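# Summary of structural features
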Amino acid sequence: LVKIFPFTEEFLHEIEQFKTVLFAEECVEAGSIGQQLAARLARDGWRGVFFHRAGDRAKLTHATVPELKEIIGLDTESLAAAVRKAAERNEKESTR
């Protein structure tokens, strides 16, 4: 596992170099590290696009891990779609 919390200034500086950040985590979104990172980047004045993928509810149905990841959008296909969406958005913004 990669340790990113608590956030170091070096980590934040590195993240702020990107125009788009996709943060995926296997937990409930409310109060999560991703939510805290988005708030910190906004507070620091970062003007990029932040995509956060996490569970949107505390109770999930009984299912296999791959099924749960698909339900909450953490499967490979969902994450790839989020990356494509971000790339398309960046491309549109760069042609303005």
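Residues numbered from 1 in each chain as written. Predicted model: local features only at pLDDT ≥ 70, side-chain atom pairs only at ≥ 80, totals over all residues. Heavy atoms only, no water.

### Here we look at the confidence of the model for the chain
- Residues at a pLDDT of 70 or more form 94% of the chain, whose mean pLDDT is 87.
- The least confident element of the chain is helix α4 (residues 76-94), whose mean pLDDT is 85; the most confident is helix α2 (residues 33-43), at 95. (pLDDT = per-residue confidence, 0-100. Helix = DSSP H or I, 4+ residues; strand = E, 2+ residues; numbered from the N terminus.)

### Overview of the packing of aromatic side chains
- This model, assessed by the stated rule, comprises 3 aromatic pairs.
- Look at Phe 7 and Phe 11: their rings are 5.9 Å apart centre to centre, the planes differ by 15 degrees, and that puts the pair in the stacked class. Phe 11 matches Phe 7 in its accessibility class, with the two residues each being buried.
- Taking the centre distance of 6.4 Å and the plane angle of 20 degrees together, the rings of Phe 23 and Phe 50 count as stacked. Here Phe 50 lies in strand β2 (residues 49-55) and Phe 23 lies in strand β1 (residues 20-28), a separation of 27 residues in the sequence. (Phe/Tyr/Trp six-rings, centres within 6.5 Å; stacked < 30°, edge-to-face > 60°. Buried < 20%, exposed > 50% of the residue type's maximum accessible area, 1.4 Å probe, protein only.)

### Some thoughts on the pattern of salt bridges
- Counted under the stated rule, the structure contains 3 salt bridges.
- Close ionic contact of Glu 26 with Lys 69 constitutes a salt bridge, the shortest N to O distance being 2.9 Å. Taken together, the residues span a long stretch of sequence, with Glu 26 in strand β1 and Lys 69 in helix α3 (residues 65-72) at a distance of 43 residues.
- The salt bridge involving Arg 40 is made with Asp 44; its shortest N-O contact spans 3.2 Å.
- Given the relative accessible area of 17%, Arg 40 is considered buried.
- Residue classification places Asp 44 among the partly exposed residues on the basis of a relative accessible area of 39%.
- Taken together, the shared-partner salt bridges connect Glu 9, Arg 40 and Asp 44 into one network. (Salt bridge = Lys/Arg side-chain N within 4 Å of Asp/Glu carboxyl O.)

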